[in-house]
Amino acid sequence: MSSIAFFGAVESGLLFGLVAFGVFIAFRVLDFPDLTVDGSFPLGAAVAATLIVTGWNPWLATAMAMVAGCMAGVVTAWLNVRLQILNLLASILTMIALYSINLRIMGKPNVALLGDETVFTPFENWDIPFYLINPIILSGFVLVVYLLFVRFMTSELGLAMRATGVNDKMARANGVHTGRLTILGVALANGMVGLAGALFAQSQGTADVTMGVGTIVIGLAAVIGGEAILSTRTIARWIFACLVGAILYRLAIAVALNADWIGLKAQDLNLITAVLVTLAIVIPRMKLLKRKGGRA
Amino acid sequence: MIQVDQLEVTFGAGTPLENRALRGLNLTIPEGQFVTVIGSNGAGKSTFLNALAGEVLADHGRILIDDQDVSRWPTNKRAGLVARVFQDPLAGTCEALTIEENMALALKRGHGRGLSRSIRHEYQEIFKERLARLGLGLESRLGDRMGLLSGGQRQAVSLLMATLQPMKILLLDEHTAALDPKTAAFVLELTKNIIEEQNLTALMVTHSMRQALDVGDRTLMLHEGNIAFDVQGQDREGLDVPDLLALFSKTKGEELSDDSLLLG
């Protein structure tokens with residue numbers, strides 16, 4: 001594999017690390033299977049790209065994309081908490097609605113960012129190989145989000161959110177407003193995914209209404225894969241595992257697509273994803289069986 | 001002081017499965033009283049506890065805590081006034097969280113939660129001190145996940161958690177029923193000590209008539225969603241299980257045949 005392909009995989013791994021953080025909140029912290037992600041990822045891209053094209057500062061545009069993602073999350077959680085719609089269905093409803101909304105925001109199926117200033121532009125003339133620039137900047141983004149995220153999860157509110165996910169009755173008995181925390185959590189999750197979408201659009205130079213398809217599966221692959229490889233003993237390590245999972249996942253995909261002798265092509269991506277997720281779920285279970293067998 | 005006026009709760013009203021769980025229950029518990037509650041299955045014990053906690057909102061009637069009407073308050077809003085230990089050791093704690101995280105969660109009952117760190121050194125000192133009195137060695141295991149503890153240990157920690165912050169009433173929902181006899185005795189002893197030390201107002205539901213008479217200051221029996229009898233003070237002293245059964249048939253004019261009440 002060439003350096004360009006390798007660092008390209010790292011770059012998208014870092015981006016999907018942000019998606020994995022969002023999926024982690026929904027699936028692991030809140031136990032809320034949230035498919036909104038497939039809509040909030042292109043939503044972030046659409047908002048950021050549209051605003052940048054109309055002359056907005058790229059940083060402000062990125063922040064607005066995050067806010068838009070949060071709002072999508074609020075809608076999903078609200079449908080569930082207030083209108084009592086099953087969480088999975090609530091998220092599918094928002095996801096479907098977002099397809100139309102994304103088309104409305106962009107006014108067309110895709111927006112190209114050719115020659116527009118993005119958050120990456122100021123660093124373009126760095127005196128290092130061009131394929132290193134985006135991964136380095138994204139590492140900065142991801143590091144900041146990671147630190148803030150871990151800090152939040154270890155705060156009083158973060159702890160209350162974790163309790164809401166694992167034992168809502170107990171959380172309520174201890175004075176936790178579980179409905180409000182569910183809304184906050186799903187909002188945060190989709191805010192991070194919206195941020196990922198905004199950065200993805202800027203690094204790829206385009207936002208497309210179909211770019212969200214399968215985002216949730218990649219996010220889940222990252223979370224499950226990371227958990228299979230690294231320790232989840234503390235919340236900081238657990239979240240770190242999700243990030244590592246995302247990077248390894250993109251590297252695994254790159255390797256699979258680059259190895260000519262396997263004969264896989266770009267159109268096989270979704271098939272590979274499904275196989276990798278299945279393996280990531282099954283392999284740790286086999287490890288556990290072995291350990292049990294050894295003791296007996 | 002806890003006042004319950006004409007409390008009514010009906011499940012599935014207007015359906016063939018309509019269940020009038022509480023039928024106009026009246027009760028006043030003065031501050032510092034420890035009330036034990038017995039009753040056969042379906043008598044309304046759990047519904048009454050859930051209604052006090054806020055998990056079930058009453059269809060009619062009022063609940064006043066220190067003259068404040070909390071009838072329409074949801075559980076989380078009442079949490080500053082009502083603390084609770086559940087029957088199921090799994091229900092009262094989060095097994096995926098550590099001992100200190102569980103206790104930190106309970107430490108904020110009745111207080112706002114913000115962005116400050118949930119685990120702090122001064123909190124850990126409080127947790128260690130409280131855990132040490134259990135004599136189970138848990139004070140050195142703050143970072144262990146709750147799921148690693150036995151049912152009895154978890155129930156003991158639940159009790160500590162419920163009493164970390166002041167409350168107007170402590171609800172104990174058959175909290176020793178799921179434990180083996182030795183552990184149940186340990187948890188009950190701990191309960192008695194804590195209630196006495198902190199001079200708590202408490203309501204303990206139990207399946208055992210013996211236990212209901214052995215602890216507390218007052219014993220209620222619920223039957224068909226209402227209070228069948230209510231004994232305290234001199235009337236309660238020296239009462240034995242057969243006396244309770246006699247009391248029941250005298251007031252209700254029917255024989256009590258539920259074996260579950262005689263067990264234990």
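Remember, predicted model here, so these are calculated numbers, not experimental data.

In this section: the overall build of chain A. Assigned secondary structure in chain A consists of 11 helices and two strands. Secondary structure of chain A in N-to-C order comes out as α-α-α-α-β-α-α-α-α-β-α-α-α. The C-alpha radius of gyration of chain A comes to 19 Å, within 12% of the 19 Å expected for a compact globule of 296 residues. In chain A, buried positions account for 50% of the 296 residues.

With that settled, consider the sheet that holds strand S4 (residues 60-65) of chain B. Consider a sheet: its strands pair through backbone hydrogen bonds, and that pairing is either parallel or antiparallel. Residues and elements named next belong to chain B. Within the open sheet, the four strands sit side by side as S2-S1-S4-S5. Their pairing is antiparallel. Two strands lie at the open edges of the sheet, namely strand S2 (19-29) and strand S5 (68-69), each paired on one side alone. Taken together, the two bridges between S4 and S5 define a ladder with antiparallel strand orientation. When the bridges of S5 are listed, Ile 65 appears paired with Gln 68. Each of strand S1 (2-11), S2 and S4 is contacted by helix H1 (residues 45-53), which is oriented at about 60 degrees to S2, the strand it contacts most.

With that settled, consider the nonpolar core. Nonpolar side chains tend toward joint burial in soluble globular proteins. Residues and elements named next belong to chain A. Ranked by size, the top nonpolar core spans 167 residues in total, and within it Ala 20 and Ala 196 carry the most contacts. Tallying contributions element by element places helix H1 (residues 3-29) first for this core, with 16 residues. Not counting chain neighbours up to four residues away, the residues in contact with Ala 196 comprise Leu 15, Phe 16, Leu 18, Val 19, Phe 41 and Gly 44.

Another aspect to go through is the interface of chain B and chain A. Across the contact, 25 residues belong to chain B and 20 residues belong to chain A. Every element with two or more residues in the side of chain B that touches chain A is listed here: helix H2 (75-78) and helix H3 (99-107) of chain B. In terms of residue count, the dominant contributor to the side of chain B that touches chain A is H3(B) (four residues).

A few words now on the pairing of strand S7 (residues 169-173) of chain B. All names here are of chain B. The buried count for S7 comes to five of five residues, which makes it a mostly enclosed element. Side-chain alternation along S7 places Ile 169, Leu 171 and Asp 173 on one buried face and Leu 170 and Leu 172 on a second face that is also buried. In terms of strand pairing, S7 meets strand S8 (residues 202-205) through four bridges, oriented parallel. In the strand pairing of S8, Leu 172 is matched with Met 204.

In this model, Asp31(A) sits at a positive phi of 55 degrees, which is unusual for a non-glycine residue. Relative to the helices and strands, Asp31(A) is located in the loop between H1 and helix H2 (37-53).

Moving on, we come to the packing of H2(A) against helix H3 (residues 58-81) of chain A. Two packed helices can be described by the angle between their axes and the distance between those axes. All names here are of chain A. Between H2 and H3, whose axes approach to 8 Å, the crossing angle comes to 150 degrees. Between H2 and H3, the angle is such that the two are roughly antiparallel. For the pair H2 and H3, the crossing hand works out as right-handed. Counted together, Gly 39, Ser 40, Leu 43, Gly 44, Val 47, Ala 48, Leu 51 and Ile 52 of H2 and Pro 58, Ala 61, Thr 62, Met 64, Ala 65, Met 66, Ala 68, Gly 69, Ala 72 and Gly 73 of H3 form the full contact between these two elements. Looking at the contact of H2 with H3, its residues break down into 12 nonpolar, six polar and no charged.

So, on to the environment of Lys265(A). With respect to the helices, strands and loops of the structure, Lys265(A) is situated in the loop between helix H10 (235-258) and helix H11 (269-295). For the pair formed by Lys265(A) and Ala236(A), sequence separation is 29 residues and the distance between their alpha carbons is 36 Å.

Here the focus is the sheet that holds S7(B). All names here are of chain B. In spatial order, the strands read S6-S7-S8-S3-S9-S10; together these six strands make up an open sheet with mixed pairing. The open sheet is flanked by strand S6 (82-85) and strand S10 (226-232), the only strands paired with a single partner. Put simply, the sheet's adjacent strands are angled 20 degrees from each other on average, direction ignored. With four bridges connecting them, strand S3 (residues 34-38) and S8 associate as parallel partners. From the neighbouring strand, Val 35 faces S8, where its bridge partner is Leu 203. Lying on the sheet, H1 is in contact with S3, S6, S7, S8 and strand S9 (218-223); it crosses S7 at an angle near 150 degrees.

Close inspection of predicted coordinates is inappropriate in any region flagged by low pLDDT. In this model, chain A carries a mean pLDDT of 92, and residues with pLDDT of at least 70 account for 97%. Within chain A, the element-level pLDDT minimum falls on H11(A), averaging 71, and the maximum on H3(A), averaging 98.

With that settled, consider the environment of Gly80(B). Locating Gly80(B) in the fold gives a position in the loop between H2 and S6. For the pair Gly80(B) and Ser46(B), spaced 34 residues apart in sequence, the C-alpha to C-alpha distance is 21 Å. If we skip the residues at most four places from it in the chain, Gly80(B) touches Gly175(A), Arg109(B) and Gly110(B).

Of all nine residues that make up H3(B), nine are buried, and the element is covered over most of its length. Buried within H3(B) are the following residues: Ile99(B), Glu100(B), Glu101(B), Asn102(B), Met103(B), Ala104(B), Leu105(B), Ala106(B) and Leu107(B). For H3(B), the elements touching its buried residues are helix H6 (156-166) of chain A together with helix H4 (121-132) and helix H5 (151-162) of chain B.

Calculation criteria
- Residues numbered from 1 in each chain as written.
- Chains lettered and ligands numbered in written order.
- Predicted model: local features only at pLDDT ≥ 70, side-chain atom pairs only at ≥ 80, totals over all residues.
- Helix = DSSP H or I, 4+ residues; strand = E, 2+ residues; numbered from the N terminus.
- Rg over C-alpha atoms; globule rule 2.2 N^0.38 Å.
- Buried ≥ 20, exposed ≤ 12 C-beta atoms within 10 Å, placed from the backbone.
- Pairing = 2+ DSSP bridges.
- Contact = placed C-beta atoms within 7 Å.
- Axes fitted to C-alpha atoms, helices over the stretch in contact; angles between N-to-C directions.
- Core = buried A, V, L, I, M, F, W, Y, C linked by C-beta atoms within 7 Å.
- Parallel < 35°, antiparallel > 145°, perpendicular 65-115°, else oblique.
- Left-handed = near helix turned anticlockwise from the far one by under 90°.
- Nonpolar A, V, L, I, M, F, W, Y, C, P; charged D, E, K, R; others polar.
- pLDDT = per-residue confidence, 0-100.

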